[in-house]
There are 2 protein chains.
Amino acid sequence: MLTIHHLGISQSDRIVWLCEELGIDYDLKLYKRSPAGGGPAEYKSLNIFGTAPVITDGSLTLGESGAIIDYIIARYGGDRLKIGPEASNFTDYLYWFHFANGSMMPAMMVDLAFVVAQVPADNPAQRFRERTRKAFAAVETRLGEAPYFAGDDFTAADIIMHFPLTTMRMFAPHDISAYSNLRAYLARIVQRPAYQRARAKADPDLDWNVD
Amino acid sequence: MLTIHHLGISQSDRIVWLCEELGIDYDLKLYKRSPAGGGPAEYKSLNIFGTAPVITDGSLTLGESGAIIDYIIARYGGDRLKIGPEASNFTDYLYWFHFANGSMMPAMMVDLAFVVAQVPADNPAQRFRERTRKAFAAVETRLGEAPYFAGDDFTAADIIMHFPLTTMRMFAPHDISAYSNLRAYLARIVQRPAYQRARAKADPDLDWNVD
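The following paragraphs examine the structure supplied in this document. Predicted model only: the values in this text are computed from it and were never measured. Numbering of residues starts from 1 in each chain and follows the order in which that chain's sequence is written. By the order in which they are written, chains take letters starting at A while ligands take numbers starting at 1. A pLDDT threshold of at least 70 governs which residues receive local features in this predicted model, and a stricter bar of 80 or more applies before side-chain atom pairs are shown or counted, although totals over entire chains, interfaces and linings include all residues. Each side-chain value is worked out from all heavy atoms of the structure, with water and hydrogens disregarded.

**Regarding the packing of helix H1 (residues 13–22) of chain A against helix H3 (residues 65–75) of chain A**
Residue and element names in this part refer to chain A. How we decide: In this analysis an axis means a line fitted to C-alpha atoms, helices contributing only their contacting stretch, and an angle means the value between N-to-C directions, from 0 to 180 degrees. The numbering of helices and of strands both runs from the N terminus, where a helix is a DSSP run of H or I of at least 4 residues and a strand a run of E of at least 2. Angle categories are assigned with fixed cut-offs, so that under 35 degrees is roughly parallel, over 145 is roughly antiparallel, 65 to 115 is roughly perpendicular, and the rest are oblique. For any pair of crossing helices, the crossing counts as left-handed if the nearer helix is rotated counterclockwise from the farther one by less than a right angle, and right-handed if it is rotated clockwise. Here, two residues are considered to be in contact whenever any of their heavy atoms come within 4.5 Å of each other. Under the scheme applied here, ten amino acids are nonpolar (Ala, Val, Leu, Ile, Met, Phe, Trp, Tyr, Cys and Pro), four are charged (Asp, Glu, Lys and Arg), and all others, including Gly, are polar.
Across the interface, H1 lies against H3 with an axial gap of 10 Å and an inter-helix angle of 20°. As the angle between them shows, H1 and H3 are arranged roughly parallel. For the pair H1 and H3, the sense of crossing is right-handed. Along its contact with H1, which presents Arg14, Ile15, Leu18, Cys19 and Leu22, the element H3 presents Ser65, Ile68, Ile69, Ile72 and Ile73. Tallied by class, residues from the contact of H1 with H3 come to 8 nonpolar, 1 polar and 1 charged.

**With respect to the sheet that holds strand S3 (residues 54–57) of chain B**
All names here are of chain B. Note the following rule: The criterion for strand pairing is that DSSP finds at least two bridges linking the strands in question.
Spatial ordering of the open sheet is given by S2-S1-S3-S4, a layout of 4 strands whose pairing is mixed. What marks the edges here is a single partner per strand, and that holds for strand S2 (27–31) and strand S4 (60–63). For this sheet, the mean angle separating the axes of adjacent strands, direction not counted, is 20°. Pairing of strand S1 (residues 2–7) with S2 involves 5 bridges; the strand directions are parallel. Within S2, the residue paired with histidine 6 across the bridge is leucine 30. Lying on the sheet, helix H3 (residues 65–75) is in contact with S1, S3 and S4; it crosses S4 at an angle near 130°.

**Quick look at the environment of A:Ile83**
Relative to the helices and strands, A:Ile83 resides in the loop between H3 and helix H4 (90–117). For A:Ile83, the residues in contact, after removing those within four places along its chain, are A:Asn89, A:Phe90, A:Tyr93, A:Ala150 and A:Thr155.

**What to know about the environment of A:Pro40**
Residues and elements named next belong to chain A. Within the element layout of this structure, proline 40 appears in the loop between strand S2 (27–31) and helix H2 (41–44). With 10 residues separating them in the primary sequence, proline 40 and glycine 50 have C-alpha atoms 9.8 Å apart. For proline 40, the contacting residues outside a window of four places in its chain are Leu7, Tyr31, Lys32 and Arg33.

**A short note on the packing of H1(A) against helix H6 (residues 156–165) of chain A**
Residue and element names in this part refer to chain A. Contact pair H1 / H6: the axes reach a minimum separation of 10 Å and the direction vectors enclose 145°. When you trace H1 past H6, the crossing you get is right-handed. For the pair formed by H1 and H6, the contact residues are Asp13, Arg14, Trp17, Leu18 and Glu21 on the first element and Asp158, Ile159, Ile160, His162, Phe163 and Pro164 on the second. A breakdown of the residues in the contact of H1 with H6 according to their chemical character gives 6 nonpolar, 1 polar and 4 charged.

**Brief notes about the interface of chain B and chain A**
Quick reminder of the rule: In short, buried area is how much 1.4 Å probe accessible area vanishes from two parts on joining, totalled over both. Should a side-chain nitrogen of Lys or Arg be within 4 Å of a carboxyl oxygen of Asp or Glu, the pair is scored as a salt bridge. The term polar contact refers here to a pair of N or O atoms within 3.5 Å; inside protein, the definition further demands a hydrogen-donor-capable atom paired with an acceptor-capable atom, and it admits residues adjacent in sequence only when both atoms are side-chain atoms.
Every contact between the two is made by 44 residues of chain B and, on the other side, 44 residues of chain A. Taken over both partners, the interface formed by chain B and chain A buries close to 3800 Å², and the fraction arising from carbon and sulfur atoms is 74%. The largest share of the area that chain B buries against chain A comes from B:Ile48, B:Phe49 and B:Tyr95, three residues that together contribute 18% of it. Taken together, chain B and chain A are joined by 0 salt bridges. Here chain B is connected to chain A by 8 residue pairs in polar contact (both at pLDDT 80 or more). Every element with two or more residues in the side of chain B that touches chain A is listed here: S4, H3, helix H4 (90–117) and helix H5 (130–145) of chain B. No other element matches H4(B), which puts 19 residues into the side of chain B that touches chain A. The residue makeup of the side of chain B that touches chain A, split by class, is 27 nonpolar, 12 polar and 5 charged.

**What about helix H5 (residues 130–145) of chain A?**
An α-helix turns once per 3.6 residues; consequently, residues spaced three or four apart project the same way. Residue and element names in this part refer to chain A. The test is simple: Here a helix's expected span is defined as the number of its residues, less one, multiplied by 1.5 Å. Burial here depends on accessible area, computed with a 1.4 Å probe over protein chains only, as a share of the maximum for the residue type. Under 20% is buried, over 50% is exposed, and the range in between is partly exposed.
Compared with the 22 Å implied by 1.5 Å per residue over 16 residues, the 23 Å span of H5 between its first and last C-alpha is a close match. Buried within H5 are the following residues: Thr132, Ala135, Phe136, Ala138, Val139, Glu140, Arg142 and Leu143. Next to the buried residues of H5 lie H4, H6, helix H7 (168–171) and helix H8 (180–190).

**Brief notes about the pattern of salt bridges**
All names here are of chain A. This model, assessed by the stated rule, comprises 20 salt bridges over all chains. Of the charged contacts, one joins glutamate 21 and arginine 192 as a salt bridge, the two residues approaching to 2.8 Å between their closest N and O atoms. Of this pair, glutamate 21 sits in helix H1 while arginine 192 sits in the loop between H8 and helix H9 (193–202); the two residues are 171 residues apart in sequence, bridging distant segments of the chain. We note a salt bridge from arginine 199 to aspartate 203, for which the minimum N-O separation is 3.8 Å. Here arginine 199 falls in the buried class, since its relative accessible area comes to 3%. By relative accessible area, aspartate 203 is classed as buried at 7%.

**Quick notes on the sheet that holds strand S3 (residues 54–57) of chain A**
Residue and element names in this part refer to chain A. Strand order across the open sheet formed by 4 strands is S2-S1-S3-S4, with mixed pairing between neighbours. Bordering the open sheet on either side are S2 and strand S4 (60–63), each of which pairs with just one other strand. Direction aside, neighbouring strands of the sheet carry axes that sit 20° apart on average. Bridge count between strand S1 (residues 2–7) and S3: 4 bridges; the pairing is antiparallel. Bridge assignment links leucine 2 to a residue of S3, and that residue is aspartate 57. Across the sheet, H1 is in contact with S1, S2 and S3; its angle to S1 comes to roughly 140°.

**Observations regarding the packing of aromatic side chains**
Put simply, the rule is: Each aromatic pair joins two rings of Phe, Tyr and Trp (for Trp, the six-membered one) with centres within 6.5 Å, and gets the label stacked for planes under 30 degrees apart, edge-to-face for over 60, and tilted for any other angle.
Tallying each qualifying case throughout the model produces 29 aromatic pairs over all chains. Pairing A:Tyr148 with A:Phe154 gives two aromatic rings, centres 6.0 Å apart and planes at 90°, and the pair type is edge-to-face. The exposure class of A:Phe154 is buried, given its relative accessible area of 9%. Ring geometry for B:Tyr148 against B:Tyr185: centres 6.3 Å apart, planes inclined by 70°, an arrangement best described as edge-to-face. Taken together, the residues span a long stretch of sequence, with B:Tyr148 in the loop between H5 and helix H6 (156–165) and B:Tyr185 in helix H8 (residues 180–190) at a distance of 37 residues. With relative accessibility at 14%, the residue B:Tyr148 sits in the buried group.

In structure tokens, the structure reads:
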């Protein structure tokens, strides 16, 4: 049986949501962050790198959001929620699926690290933070072109992109009030029954109605 | 015709290497970094986020290493250099393919940003940099289990993982002298004719014999 090891308020919320969208059975094991905000030692020892998400499935232990999503869709999802090479929007799907953790999350990780380090506003290295602004601007542009990241239909690109747009902003705040396309998109996502089920199971104490 | 827009000393070196490994024809357009180290305006305007790599192919413009690799392998590579769901090492391939830009590069981006920001060694935020040490340790462990990241055979997981292990260390130095498995791996990679061709075409002035 597929087990999702969910660290509260972390990227593993994507995997719970994916399974709810696909209607897949899974065991959910919840872990709480330490008061300092990190994952508990029990979570860090689950896989070789120690970060969320992690799943186990028989003898398999697997980390990385992108890897887990690809695995679950191939193994249990009948290739639903992904876009294949035969479709005209294959590259839109690929781009945003990889952009989430390949560009947007790294930019926001630098934001978070700079906030914790209290890097002064006039430090020349603040130029690195321009990437987060560009990432949100790119998202706003895309969501003006199409209702979902890959195009007309909801896909796993939305599931992986949603975290930096919402939960990650609790760690690395970013004002989205000017981004009307993004805000309308987030309001559409909140209406999804699978999203609501996932949030209720994964982080029941969290105010997840992010706007 | 597929065009690789290669920004010198950047993640687009992967795409040149991929095409050499696959024996695919491509046009190579070279761009030099500004004296300050950034990409030129002409490169930044190629796609929505402005970073390397970028390819164009007819009316398509595509960024993100993972997306470009998946696209080229599907469109031109006959699914070579990837591992499919039917193989026993499918999840090893997926994990390392996503780990490169989903975990290792973000950790090294924080390293680079902290070096530029001159964050003091006793700053509590230095804990973020522990992730890079853990990433290299995970790599060393993996390369003690198997000759290549996905297992017995060279795959695109090696092409995407190689950048943080080599070129990225020019920006965010990391001592690998104690990692004998990693050093032996890098020595094997340097012997590959396709790797040598890619380096000679992409960054002919660079000392790419990284050890």
